[in-house]
Amino acid sequence: MPAKTIDEVIQQLEEIIDRSYWQKSRLGYFAALYRKVTIEVKKGIKSGFFEDGERMECFDVIFANRYLYALEQYQSNGELTRSWQLAFETSKHLWPLVLQHLLLGMNAHINLDLGIAAAKTSPKGAILDLKEDFNKINDILASLVDEVERKLAHIWPILKLLDHIGGRTDETLINFSMERARDQAWKLARDLAPLEQTDKMPKIAALDKDIVMLARKILNPGLIASATAMIIRLGERGSIPQIIDILR
């Protein structure tokens, strides 16, 4: 069932994490990170961090339900966006880095789902009123990604090699930038907000194809970067359940 409140989102994420832990599934990696994000959003709503707490909870629930629905569809062999399909399929593979698994989920959820959720939360001209809180939820996500990256680098020091392949990990080796993802999501929200649902679908499908291309670059960032990632992957330690514990 779709979540109706932010507490229900957190509960469903915890169920995914627990199930992934016992099944030793890498699907739990992104769910663990996402649970942390959602808890921080909940704290922000309670503390008055957002301009409109009630609207933010609605936004957060709509946003989360896109991930929850995609995962349910994947596990029941239903239809879902191609970007989520690739992210979930990759969870079966041994070689991608933990960070790559996380970024594949972020790629699908931020570059596609975030803009769709924003347009649904604040349709037509109301979308402009959402901009400040839209940026704040992205700031929370970016800060937690940095925290996770530092934690992983502390446990697996070889991960720091990524920062020597030309700059920041998420912008060079992994071909992912939080700032670009945020800007892309806001553009999508602005484009979709005035449209009826039937007019939204072709735009979403076309963008989904582009996001899949970016996902493939995350997985295959080039010869030197891929070789470096393979070395780092050999240096990663811990079982899937142990990594899930680290992430949550």
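Residues numbered from 1 in each chain as written. Predicted model: local features only at pLDDT ≥ 70, side-chain atom pairs only at ≥ 80, totals over all residues. Heavy atoms only, no water.

Novice: Would you mind showing me how to read the overall build of the protein chain here?
Specialist: Helix and strand counts for the protein chain come out as 10 helices and 0 strands. Reading the protein chain from its N terminus to its C terminus gives the helix and strand order α-α-α-α-α-α-α-α-α-α. Per-residue burial for the protein chain yields a buried fraction of 51% across its 248 residues. For the protein chain, the share of sequence-separated contacts (at least 6 apart) that also reach a separation of at least 24 residues comes to 76%. Summing over all exposed atoms, the protein chain offers an accessible surface of approximately 12,000 Å²; the carbon and sulfur share of this is 54%. (Helix = DSSP H or I, 4+ residues; strand = E, 2+ residues; numbered from the N terminus. Buried < 20%, exposed > 50% of the residue type's maximum accessible area, 1.4 Å probe, protein only. Contact = heavy atoms within 4.5 Å. Areas by Shrake-Rupley, 256 points an atom, 1.4 Å probe, with all protein chains shown as cover.)

Novice: I tried to follow the packing of aromatic side chains on my own but got confused; where do I start?
Specialist: Think of a pair of aromatic rings as described by two things: how far the centres are apart, and how the planes are tilted against each other in angle. All chains considered together, the criterion is met by 14 aromatic pairs. Here phenylalanine 30 and tyrosine 67 contribute two aromatic rings whose centre-to-centre distance is 5.2 Å and whose plane-to-plane angle is 65°, an arrangement assigned as edge-to-face. Here the residue phenylalanine 30 occupies a position in helix H2 (residues 27-47), and tyrosine 67 occupies one in helix H3 (residues 53-75), the gap between them amounting to 37 residues. Judged on exposure class, the residue phenylalanine 30 and its partner tyrosine 67 are both buried. Taken together, the aromatic side chains of Phe30, Tyr34, Phe59, Phe63, Tyr67, Tyr74, Trp84, Phe88, Phe134 and Trp186 make up a single cluster linked through ring pairs. One residue, lysine 136, lies across the ring of phenylalanine 49, its end atom 4.9 Å from the ring centre. (Phe/Tyr/Trp six-rings, centres within 6.5 Å; stacked < 30°, edge-to-face > 60°. Lys NZ or Arg CZ within 6 Å of the ring centre and 35° of its normal.)

Novice: Explain unusual backbone geometry here, please?
Specialist: A negative phi holds for most residues other than glycine; trans holds for most peptide bonds. Of note, the phi angle at lysine 24 is positive, near 55°, even though the residue is not glycine. For lysine 124, which is not a glycine, the phi torsion comes out positive at approximately 55°. Turning to its location among the elements, lysine 124 is positioned in the loop between helix H5 (98-121) and helix H6 (131-155). Taking relative accessible area as the criterion, lysine 124 reaches 48% and is therefore assigned partly exposed.

Novice: Even after reading the chapter, I still don't get the confidence of the model for the protein chain, so can you show me in this structure?
Specialist: Fine structural detail should not be taken from predicted coordinates in areas where pLDDT scores are low. For the protein chain, per-residue confidence averages 87 on the pLDDT scale, and residues scoring 70 or more make up 84% of the total. Taken element by element, the predicted model of the protein chain shows its lowest mean pLDDT in helix H9 (residues 223-235) (62) and its highest in helix H1 (residues 6-23) (98). Every residue in residues 166-175 is under pLDDT 50, and counting partners more than four places away or in other chains gives 33 contacts. (pLDDT = per-residue confidence, 0-100.)

Novice: Is there a simple way to explain the packing of H3 against H5 in this structure?
Specialist: To describe two helices that pack against each other, one gives the angle between their axes and the distance between the axes. Two elements in contact, H3 and H5, have axes whose closest approach is 9 Å; the angle formed by their N-to-C orientations is 135°. Judged by the angle between their axes, H3 and H5 are oblique. Crossing hand, H3 versus H5: right-handed. Facing H3, whose interface residues are Arg55, Cys58, Phe59, Ile62, Phe63, Ala64, Arg66 and Tyr67, H5 presents His109, Asp113, Leu114, Ile116, Ala117, Ala118, Lys120 and Thr121. Broken down by class, the residue content of the contact of H3 with H5 amounts to 10 nonpolar, 2 polar and 4 charged. (Axes fitted to C-alpha atoms, helices over the stretch in contact; angles between N-to-C directions. Parallel < 35°, antiparallel > 145°, perpendicular 65-115°, else oblique. Left-handed = near helix turned anticlockwise from the far one by under 90°. Nonpolar A, V, L, I, M, F, W, Y, C, P; charged D, E, K, R; others polar.)

Novice: I tried to follow the nonpolar core on my own but got confused; where do I start?
Specialist: Generally speaking, soluble globular proteins have nonpolar side chains that are buried together. Phe59, Tyr67 and Leu247 are the most contacted members of the largest nonpolar core, which totals 74 residues. It is H5 that contributes the most residues to this core, 14 residues altogether. Beyond its immediate chain neighbours, meaning those up to four positions away, tyrosine 67 contacts Leu13, Ile16, Leu27, Phe30, Ala31, Tyr34, Trp84, Phe88, His109 and Asp113. (Core = buried A, V, L, I, M, F, W, Y, C linked by side-chain atoms within 4.5 Å.)

Novice: Mind showing me how you'd approach H3 here?
Specialist: Residue pairs spaced three or four apart in an α-helix point in one direction, given the helix's 3.6 residues per turn. The end-to-end C-alpha separation of H3 is 33 Å, in line with the 33 Å expected for 23 residues at 1.5 Å each. If you check the start of H3, you find a side-chain oxygen 3.2 Å away from the backbone N of glutamate 54, and it comes from aspartate 52. Looking at the residues trailing H3, positive phi occurs at asparagine 77, about 60°. (Expected span 1.5 Å × (residues − 1). Polar contact = N/O pair within 3.5 Å; in protein donor to acceptor, adjacent residues only side chain to side chain.)

Novice: Is there a simple way to think about a negative patch on the surface in this case?
Specialist: On the surface, Glu51, Asp52, Glu54, Asp129, Glu132 and Asp139 cluster together into a negatively charged patch. Mapping aspartate 129 onto the fold places it in the loop between H5 and H6. (Patch = residues over 30% accessible without salt bridge, like charges linked within 9 Å, V, L, I, M, F, W, Y side chains within 5 Å. Salt bridge = Lys/Arg side-chain N within 4 Å of Asp/Glu carboxyl O. Lys, Arg positive; Asp, Glu negative; His and termini not counted. Charge placed at Lys NZ, Arg CZ, Asp CG, Glu CD.)

Novice: Looking at this structure, how should I read the side chain of asparagine 65?
Specialist: You can see asparagine 65 is positioned in helix H3. With relative accessibility at 18%, the residue asparagine 65 sits in the buried group. In this structure, asparagine 65 is in contact with Pro2 and Ala3, ignoring residues within four places of it in sequence.

Novice: Please explain the environment of isoleucine 240 as it appears in this structure.
Specialist: Take isoleucine 240: it is sitting in helix H10 (residues 240-247). Distance in space between the C-alpha atoms of isoleucine 240 and valine 98 is 9.7 Å, their sequence separation being 142 residues. Ignoring anything within four residues of it in the chain, the contact list for isoleucine 240 reads Lys24, Ser25, Arg26 and Tyr29.

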